[in-house]
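Working through the structure, step by step
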Amino acid sequence: MKIAFVGKGGSGKTTLSSLFIRHLAAVGAPVIAIDADINQHLGPALGLDEAEAAALPAMGDRLPLIKDYLRGSNPRITSAGTMIKTTPPGEGSRLLRVRESNPVYDACARTVELDGGAVRLMVTGPFTDADLGVACYHSKTGAVELCLNHLVDGPDEYVVVDMTAGSDSFASGMFTRFDVTFLVAEPTRKGVSVYRQYKDYARDFGVELRVVGNKVQGQDDRDFLRAEVGDDLLVTVGHSNWVRAMEKGRPPRFDALEDTNRHALGLLRTVVDSAYERRDWERYTRQMVHFHLKNAQSWGNERTGADLAVQVDPGFVLGESVTASV
Ligand SMILES: Nc1ncnc2c1ncn2[C@@H]1O[C@H](COP(=O)(O)OP(=O)(O)O)[C@@H](O)[C@H]1O
Ligand SMILES: [Mg+2]
């Protein structure tokens, strides 16, 4: 299952991503955690110290390796140089599995030990101004999008992405790559306006969007969110002393998390797990092709000097039954 946490800066995306990752790890579920937020803070939120976080390999610096591996022997992709962030897999491409080991994880993932189990952490690396543009060839989140588009994940496997709700993810189609998108919103007009924007983009693509209210202080906050987002509001989370202690560098054991917050995380997991029934690999593949053609036309063809529409393998559908070609 692929899960995104999005929202305004400071709303609590990283905090809630990290809690959800800890929640999954605590029951021994296989998890890949990906930090694609502008402020790269997921490592520390998972308990890494400054030196450990600084030593994480940046996916953005390893794009050539990622592209070369994923392209495999796909005859439609003649070089890593013509592979852009939206280039879809086809016959001959190499796919990623959550539990396997492969050269992409070797280069980009690091194991983080949490209470109950370990997870793999991958980070895009710090963003520069160029990464925030719409037409960006070397985009850091492009590395994440390529991985998601080549990933075959099962119902009991989790990929959790801490992600910025920016124009880049709308242009590239990254916002359509998840089984569930949790929009973290504080009970403020700004928090809710990000929801509205997301909802607008999501509408045409069947994106399952659920709002998680954060820093909610009472009934008035809950009423505000309910009035603004209606039934999209899944649950609200209040101030957590557990989180505060963690931020002070004194992380309590995860089983000491407040009951209400544990309950909220359980609800998130229920929503994620039940989304599996609605998974549609054909639609997933169709959408990646749609965004690839759009990106090819708006900047990709020009940047690579090639017609990138030929990269689309018309007979290919990503899915759990696709066998690996190594
Ligand atoms: N429920 C919470 N309880 C306590 N502190 C929180 C909570 N949610 C967020 N915070 C704090 O608010 C700040 C911003 O949260 P963060 O997760 O980094 O936001 P974002 O990733 O959306 O920018 C952090 O210092 C974080 O510890
Ligand atoms: Mg963050």
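Please refer to the structure placed before this passage.
Residues numbered from 1 in each chain as written. Chains lettered and ligands numbered in written order. Predicted model: local features only at pLDDT ≥ 70, side-chain atom pairs only at ≥ 80, totals over all residues. Heavy atoms only, no water.

Some thoughts on helix α1 (residues 13-26)
As a reminder, the rule being used: Numbered from the N terminus, helices here are DSSP runs of H or I no shorter than four residues, and strands are runs of E no shorter than two. Given the number of residues in a helix, its expected span is that number minus one, multiplied by 1.5 Å. Three labels apply to residues, based on accessible area from a 1.4 Å probe with only protein chains included: buried if under 20% of the type maximum, exposed if over 50%, partly exposed otherwise in between.
Its 14 residues give α1 an end-to-end C-alpha distance of 20 Å, which sits within 8% of 20 Å, the value for a rise of 1.5 Å per residue. Counted residue by residue, α1 has twelve buried out of 14 residues, so it is predominantly covered. Inspection of α1 places K13, T14, L16, S17, S18, L19, F20, I21, R22, H23, L24 and A25 among the buried residues, and these make up the whole buried set. One or two positions beyond α1, positive phi appears at G28, with a value near 80 degrees.

Some details on the nonpolar core
Convention followed: What makes a nonpolar core is a set of buried Ala, Val, Leu, Ile, Met, Phe, Trp, Tyr and Cys residues whose side-chain atoms join them at distances within 4.5 Å. Two residues qualify as a contact provided that any one of their heavy atoms is within 4.5 Å of a heavy atom in the partner residue.
In this structure, M59 and Y198 are the most contacted members of the largest nonpolar core, which totals 58 residues. With near-sequence residues (within four places) excluded, M59 lies in contact with I34, I66, C108, M122, V123, T124, A143, V144 and C147.

Let's talk about unusual backbone geometry
Its identity is not glycine, yet K215 carries a phi of approximately 60 degrees, on the positive side. Inspection of the secondary structure assignment puts K215 in the loop between β9 (209-213) and α9 (219-229). Given the relative accessible area of 41%, K215 is considered partly exposed.

Regarding the pairing of β9
Spelled out, the test is: Two strands qualify as a pair provided that DSSP identifies no fewer than 2 bridges between them. Crossovers are described as right-handed under a simple rule: with the strands pointing away from the observer, the path leading from the first strand over the helix to the second runs clockwise.
Summarising burial for β9: four of the five residues are buried, a large majority. When strand β8 (residues 180-185) meets β9, the two strands line up parallel, connected through five bridges. Bridged to V184 within β9 is V212. Pairing of β9 with strand β10 (residues 233-236), which is carried by three bridges, proceeds in the parallel orientation. Each bridged residue has a counterpart across the sheet, and for V211 the counterpart in β10 is L233. Crossover β9 to β10 through α9 is right-handed.

This is a description of form; function is not addressed.
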